[in-house]
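This is what each chain is made of:
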Amino acid sequence: MAAKISNVLHYINGEFVEGASGNYFENINPFTNEVINEVAGGLKEDIDAAVRAAKEAFDNGPWRTMSVQERMTYILRIADLIEKHAEEISYLESLDTGLPISQTKKQAARAAENFRFYAEMVKSRMVGEAYHVDGQFLNYTIYKPVGVAGLITPWNAPFMLETWKVAPALATGNTVVLKPAEWSPLTANKLAEIIHEAGLPKGVFNVVHGFGETAGASLVAHPDVRLISFTGETTTGSEIIKNSADTLKKTSMELGGKSPVIVFADADLEKALDAVVWGIFSFNGERCTANSRLFLEKSIYDSFVEKLKERVKNISIGDPMDPLTEVGPLIHRKHWETVMNYIEIAKQEGAEVYSADVPEELKKGNFVPPTLLLNCHNSMKVAQEEIFGPVMAVMSFETEEEVIRMANDVKYGLAAYVWTNDIKRGHRIAQSIESGMAWVNSQNVRDLRIPFGGTKYSGIGREGGHYSFDFYTEVQVIHVSIGDHPIPKFGKSKQPSAASAQHG
Ligand code: NAD
């Protein structure tokens, strides 16, 4: 599998093509900081070509109008091909992102499920409403695809997040232009190869690689793109909303997080420990729903922290391709610098920093040691800002009211986790937290039928399950008269106006 990886091209109108400018940028391996290959750097001209192809495929191609059965045959074929190529997908993903291979294998499997799931949902759950109104009317709703969907994705779980968007967008009959993150282009290219192999009509699915300020911004500004589904940083999301205003696009925003995990003394502490450690250090800590703020009930603070330290010391840090690796290198040297800088800030803010050791031979990679920031205060920068690495701020609390106040005293609102064996308290706290999602006595597991998304600065809207239909479709209402309802008869016989009656 260590064969040379060929350069990445755009996929436009059913063909792999160079960019209009002929420019390429380097794609770097986070484990070695060596160049993996070169990637076509898309500009406005490439976005224009991709949108043109997608619009033509939407307006005049067979995709939107073919029978649901036929369209779902394509969608299921994509799922089969993802499974067939799963090993290569997880290899490319780990090479590109530094995510441990044991974790990217699960993500590849989940990606295939996304397509199967939407094939099923579109057949069985994309149903309208019908109202029989006073025996006079029939009102009913239908769902129609929106048009050209612009999908913009981040680098932290690229393939899975891309398929989360591509599967419902295509299954509901839209055509797509995907702009993947510039730091993780390999699996988006593989997805294009798979969709090509699945034989979708040309122009239905397109990928333009490149940077946010050029390729991404051009997609957002394009008048023929009807919606933007975005996952990424909060500040980027806010800019995209502003930039999409002139062309009145629908937008869906899945943004950053700084999610609390609250552990009470009465919880199953062994399980809570497993979940807390997994929740911050899986995906190298580059996880939007990471439990990056840990609140421990005061009576268990010391003992729980001791156990955390033991786990942190024992985490296997290493080559992302090693099936035993638990934490790999961060995506890029720039991001590594940002995260390392937060560890310095934590020291300046007075937190006690406890880190694992990174072996000397790994230092050429972007390794940040799994790190606990102990005795934090909620007002510290490191307890408020999204670090997006294997770094967790740890705090203590005494009462339920206090911990709810602290948990909510943050601008984000993506996820929350509560551990207690008092089931009433579990529900009470979960419902009091300002977050789009909360888990009680559970790590982050999600059924595909359930909505995903955040509140406050963590996002706008929900995707997943049938919630994706609201976003990827237009609902149209048809009003039909089935009776003989009265209609005002304007202009039927001319009445003298009040003024002319007076003069007469
Ligand atoms: P990012 O915002 O830097 O980039 C995301 C994508 O947006 C990339 O493809 C980038 O090229 C593009 N982009 C950047 N500027 C743009 C612009 N002006 N116009 C259009 N596109 C532009 O995010 P990232 O660093 O790739 O990802 C990490 C962030 O993503 C974290 O904040 C994380 O919490 C968030 N995230 C959120 C979720 C969620 O579901 N809520 C899931 C995963 C990641």
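Residues numbered from 1 in each chain as written. Predicted model: local features only at pLDDT ≥ 70, side-chain atom pairs only at ≥ 80, totals over all residues. Heavy atoms only, no water.

Where we set the bar: UniProt positions are given in the numbering used here, feature names are shortened, and annotations may be inferred rather than shown by experiment.
If you check an unreviewed UniProt entry, the protein appears there as 5-carboxymethyl-2-hydroxymuconic-semialdehyde dehydrogenase from Parageobacillus toebii NBRC 107807. Turning to the protein, the UniProt record has this under Sequence similarities (unreviewed entry): "Belongs to the aldehyde dehydrogenase family."

1. As for the overall build of the protein
Quick reminder of the rule: Think of it this way: any DSSP run of H or I at least four residues long counts as a helix, any run of E at least two long counts as a strand, and we number them from the N terminus. Restricting the calculation to C-alpha atoms gives the radius of gyration, and the globule rule supplies 2.2 Å times the number of residues raised to the power 0.38. Three exposure classes are used, based on accessible area relative to the maximum for each residue type with a 1.4 Å probe and protein chains only: buried under 20%, partly exposed in between, and exposed over 50%.
Within the protein, the secondary structure is distributed over 16 helices and 22 strands. For the protein, whose C-alpha radius of gyration is 26 Å, the value lies close to the compact-globule estimate of 23 Å for 504 residues. When the backbone C-alpha atoms are referred to their principal axes, the protein occupies close to 95 × 55 × 45 Å. Burial statistics for the protein: of 504 residues in total, 55% are counted as buried.

2. Re the sheet that holds strand S19 (residues 437-440)
Strand-to-strand pairing in sheets goes through backbone hydrogen bonds, with the strands running parallel or antiparallel. The condition is simple: A pair of strands is considered paired only if DSSP assigns at least 2 bridges between the two. Only the stretch in contact is used when fitting a helix axis, every axis being a line fitted to C-alpha atoms; angles between N-to-C directions are given from 0 to 180 degrees. By the convention used here, residues are in contact when the closest approach between their heavy atoms is within 4.5 Å.
Strand order across the open sheet formed by seven strands is S14-S15-S16-S13-S12-S18-S19, with mixed pairing between neighbours. Here the strands that pair on one side only, and so sit at the sheet edges, are strand S14 (352-355) and S19. Within this sheet the neighbouring strands show an average axis-to-axis angle of 20°, counted without direction. Bridge analysis of S14 against strand S15 (residues 371-374) gives four bridges, and the strand direction is antiparallel. In the sheet register, Glu352 faces S15, and the bridge partner there is Leu374. Each of S14, S15 and strand S16 (391-397) is contacted by helix H11 (residues 333-348), which is oriented at about 140° to S14, the strand it contacts most. Against the sheet, helix H13 (residues 400-408) makes contact with strand S12 (260-263), strand S13 (293-297) and S16, and its axis sits at roughly 175° relative to S13, the strand it touches most.

3. Side note on the site of the ligand
The condition is simple: Nearness is defined per residue: one heavy atom within 4 Å of the molecule or strand is enough. Side-chain atoms alone can form a polar contact between residues adjacent in sequence; in general such a contact is a pair of N or O atoms within 3.5 Å, and within protein one must be able to donate a hydrogen while the other accepts it. All accessibility values rest on the Shrake-Rupley procedure with a 1.4 Å probe; residue burial counts only the protein chains present in the view. Note on residue categories: nonpolar means Ala, Val, Leu, Ile, Met, Phe, Trp, Tyr, Cys or Pro, charged means Asp, Glu, Lys or Arg, and polar means any other residue, Gly included. Domain start and end points were adopted from an automatic or database domain assignment.
In the vicinity of the ligand there are 30 residues, among which Lys179, Glu182, Thr236, Leu255 and Glu386 approach most closely. Here an oxygen atom of the ligand sits 2.8 Å away from a polar atom, N or O, in the main chain of Thr153. Protein contacts shield 93% of the accessible area of the ligand, which totals 850 Å² for the unbound molecule. Of all the elements in the fold, those that place two or more residues in the shell around the ligand are helix H7 (212-221), strand S10 (225-231) and helix H8 (234-243). Here the element with the most residues in the shell around the ligand is H7; it accounts for four residues. Its residues placed into classes, the shell around the ligand shows 15 nonpolar, nine polar and six charged. Shared between two domains, the shell around the ligand takes at least three residues from each, and those domains are domain 1 (10-255 + 458-479) and domain 2 (260-440).

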